[in-house]
Amino acid sequence: MNNFFLAIPKKLYLLNGMELEAKLEIPAIYGNQNHLNHLLIKLKTPPAVANDQRQPLVIGLAIDKSWSMKGEKIESVIEAASSLVNWLTRNDYICIVAYSADVQVVQPLIQLKDKLSVIDKIRSINVGTSTNLSGGWLQALRIVESAQVVNSYKRVILLTDGQATLGVKEQDQFNTISASHFSRGISTTTIGFGNDFNESSLKDIASSGGGNFYYVSNPEEASGIFFREFGDVGSLYGQAVEVKLNFPDGIKLHEIYNDYPIQTDEEGTTVIQMGDIRADDVRNIVLALEINPSKKIPLDNLIDIQLTFYNLFEKMRLETVLASISSIKSDTIVKADSEVIVERMIYSSAKTIMKAARLLQENEVEMAKKYSCLQYRTPGGKSHPVP
């Protein structure tokens, strides 16, 4: 099925059940000097048919990083936690607590607008010493309970081998904790890892806490756990999602802030491969564009966008959506779009932090310091420290 529409900035369109929005940070070609502008492309999928009024999820992950979790266990935990982040949507919230002898809030409660930076924090977790299971679990329960999210479904997921060595150790006390929080609307699901976890303890916690118990023997099993846990939350809507952009002479791609595979040819065509997209989710692409206003840029057909994907709600039908962004000519800079600014700063900051973290892992300390001093570019091309 083919469609064509004119994507005037700040206007939203509904196509084949998927909402598509494309707009520029500065909705004009201005001045006489080369400058940067930013393009936001937003895809929003419909909810699963059987679950069109789904409550937002508020999820707390309590991750055991004690010495007994070393090796394949911690690898399985990291894969499971990363899979959960990918299964959830931007309507959902998550916090991450890691515990050994100490309790560390790896990720304070946030709405899942930037999955990459959350997964990067998960992958930075390293094993410690003893197991303060109750400390980590209670910290996650406290954060989830304090979340001010209207009409939300709250759950803490305890990922562990269940061998508590510090804090609360008695099963009766574990059951009291889980039952009392369940009575206040927060359930607990437990996931046991490896061959020597305390199965009876984790089953009792889940039973008294209104959750479920799962067993994971290796990292390959991790990704399927959360489909069983949350069902339609993980329903796929589209596969092989691809966005193709054609830029005219005078506009060229300067940078993409997302971590998607991208290809650009000499004619100015850029193809972004976004992979799969789930039901009831939002995906954003943020691009920095270099504008040369001295060129004869076609304002009525500034940027052509082609979106293609296989629609799983329509028996894998290949959908094609064509769009074109228009603009105006201005002698001076015009008011910027605040949503594009926010999304651009979210993605550029996450990209900078991830780069700094990789440099630290490679012992490039000075380069990491440079990247950790977060910078952003204005559409005019100047650099400023993030306030």
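Description of the structure in this document. (Residues numbered from 1 in each chain as written. Predicted model: local features only at pLDDT ≥ 70, side-chain atom pairs only at ≥ 80, totals over all residues. Heavy atoms only, no water.)

Before going further, it helps to spend a moment on the overall build of the chain. Helix and strand content of the chain: eight helices and 21 strands. Within the chain, the fraction of its 387 residues that count as buried is 51%. Across the chain, contacts joining residues at least 24 apart in sequence account for 73% of those joining residues at least 6 apart. Carbon and sulfur atoms make up 50% of the accessible area of the chain, which totals about 17,800 Å². (Helix = DSSP H or I, 4+ residues; strand = E, 2+ residues; numbered from the N terminus. Buried < 20%, exposed > 50% of the residue type's maximum accessible area, 1.4 Å probe, protein only. Contact = heavy atoms within 4.5 Å. Areas by Shrake-Rupley, 256 points an atom, 1.4 Å probe, with all protein chains shown as cover.)

Overall, mixed pairing links the six strands, which are arranged S8-S7-S6-S9-S10-S11 in an open sheet. A strand with exactly one partner marks an edge of an open sheet, and here the two such strands are strand S8 (103–111) and strand S11 (210–216). When the angles between neighbouring strand axes are averaged without regard to direction, this sheet yields 15°. By the bridge criterion, six bridges tie strand S7 (residues 93–99) to S8 in an arrangement that is antiparallel. (Pairing = 2+ DSSP bridges. Axes fitted to C-alpha atoms, helices over the stretch in contact; angles between N-to-C directions.)

The next thing to look at is the packing of helix H1 (residues 72–87) against helix H2 (residues 115–123). It is at 10 Å that the axes of H1 and H2 come closest, and there the two elements cross at 170°. Judged on the interaxial angle alone, H2 and H1 are roughly antiparallel. Across the interface between the two elements, Ile78, Glu79, Ala81, Ser82, Val85 and Asn86 of H1 pack against Lys115, Val118, Ile119, Ile122 and Arg123 of H2. Its residues assigned to classes, the contact of H1 with H2 shows six nonpolar, two polar and three charged. (Parallel < 35°, antiparallel > 145°, perpendicular 65-115°, else oblique. Nonpolar A, V, L, I, M, F, W, Y, C, P; charged D, E, K, R; others polar.)

With 33 residues, the main nonpolar core has Leu39, Ile41, Val243, Leu245, Leu289, Ile303 and Ile305 as its most contacted residues. Secondary structure elements with two or more residues in this core: strand S3 (18–24), strand S5 (35–44), strand S12 (236–246), strand S13 (251–256), strand S15 (269–278), strand S16 (282–291), strand S17 (303–311) and strand S18 (317–325). Not counting chain neighbours up to four residues away, the residues in contact with Ile305 comprise Ala22, Ile41, Val243, Lys244, Leu245, Val321, Leu322, Ala323 and Ile325. Residues Leu61, Ala80, Val85 and Ile191 belong to the second largest nonpolar core, which totals 32 residues. (Core = buried A, V, L, I, M, F, W, Y, C linked by side-chain atoms within 4.5 Å.)

Of note, Gly167 is situated in the loop between strand S9 (153–160) and helix H4 (171–182). If we ignore the near neighbours within four places in the chain, the residues touching Gly167 are Asn132 and Ser134.

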